[in-house]
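Chain by chain, the residues run as shown.
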Amino acid sequence: YSDSGRGRPGVDPAVYFKMLMIGFFENVSSERGIAERCSDSISIRFFLGYDLTQSTPDHSTLSVIRSRLGEEIYQKVFLLILSALQEHGLVKGKNVGIDASVIEANAALRSLVNRDTEEAYWEYVRRLASESGVDPKDSEAVRQFDRKRVKKMSNDEWLNPHDPDAKIGPTKAGSTDMIYKPEHTVDLDTGAILQAEVRLGNEADHKDLALHVLQAQENINQVQDLPEGSLTVQSATADKGYHAVSEMSQLQHEGIKTVISDPIKNRK
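Remember, it's a predicted structure, so these values are computed and weren't measured experimentally.

Enquirer: Explain the environment of Asp 187 to me, please; I cannot follow it from the model alone.
Expert: Along the chain, the position of Asp 187 falls in strand E6 (residues 176–187). The residues contacting Asp 187, other than those within four sequence positions of it, are Leu 90, Val 91, Lys 92, Gly 93, Asn 95, Ala 192 and Leu 194. For Asp 187, the side chain forms a polar contact with the main-chain nitrogen of Lys 92, separated by 2.7 Å.

Following this line, the structure appears as structure tokens:
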């Protein structure tokens, strides 16, 4: 952006983060949807500082800003908002809950490339079809072959070159797609989010459980102006997917009570 009159005018970074908050509170998951919602609502325009004659930021502008800001900036803004919650008494920091969900990556299965042969997915399927006696030039026959064959797609064998961190895995609907796992650590007494991150889609939920709880503790210490290394968390609650003896031992060694059920009954 420049002051010469060429190109779009600059967007206040505060407006960008306000628009992200709109997406969060109104459950709008896409940048295009956030931009449309902000453009349509008079009250949201007022919140952003735009009048009826001004154009609110376009979804492509949101994408550009997102790509320009580093993780460190987002972490600082997160702590800024957490500090505001602390001022209103919404950060107790005693009992925390942690859970992960699944989101689809902005990457398609059909764009997968085999790590060893560097074949594109459909090139690979056409080769398998040919080996099974199906005409590889008959697109419909190849697609039908692909639908019926038993698929064993491994992240060790396949990757998406456009998003190498996206992993093959089950979605909430039960289908297979490229996924990530967003994880939140929450203050159970108030509902305030103490720590948030996006994990790889093929990671086990219990991986680095103790580390993630202690990272939430670091955020608590910063917003409550406590000395580094202070421990206010008394209990950590999670579902059975987070049960791992080594992780539970680490938390209990720190004096944190674990409220996590064992998926195996009558474990010796």
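Enquirer: How should I be thinking about the packing of helix H1 (residues 13–25) against helix H5 (residues 71–87) in this particular structure?
Expert: Helix packing geometry: the angle between the two helix axes and the distance between the axes. In contact at an axis separation of 13 Å, H1 and H5 are set at 70° when each is read in the N-to-C sense. With respect to H5, the element H1 is oriented roughly perpendicular. Where H1 crosses over H5, the handedness of that crossing is right-handed. Side by side, H1 and H5 meet where Tyr 16, Phe 17 and Leu 20 of the first sit next to Ile 73, Tyr 74 and Val 77 of the second.

Enquirer: Honestly, the pattern of salt bridges in this entry has me stumped. Any pointers?
Expert: In a structure, side chains of opposite charge can pair up when their charged atoms sit close to one another. Counting across every chain of the model gives 11 salt bridges. In this structure, Glu 131 and Arg 127 form a salt bridge, with 3.2 Å as the shortest nitrogen-oxygen distance. In this pair, Glu 131 and Arg 127 both sit in helix H6 (residues 121–131), 4 residues apart, roughly one turn of the helix. Residue Glu 131 is classed as exposed on the basis of its relative accessible area, which comes to 56%.

Parameters and conventions
Residues numbered from 1 in each chain as written. Predicted model: local features only at pLDDT ≥ 70, side-chain atom pairs only at ≥ 80, totals over all residues. Heavy atoms only, no water. Helix = DSSP H or I, 4+ residues; strand = E, 2+ residues; numbered from the N terminus. Contact = heavy atoms within 4.5 Å. Polar contact = N/O pair within 3.5 Å; in protein donor to acceptor, adjacent residues only side chain to side chain. Axes fitted to C-alpha atoms, helices over the stretch in contact; angles between N-to-C directions. Parallel < 35°, antiparallel > 145°, perpendicular 65-115°, else oblique. Left-handed = near helix turned anticlockwise from the far one by under 90°. Salt bridge = Lys/Arg side-chain N within 4 Å of Asp/Glu carboxyl O. Buried < 20%, exposed > 50% of the residue type's maximum accessible area, 1.4 Å probe, protein only.

Note that all results are geometric; they support no functional claim without further evidence.
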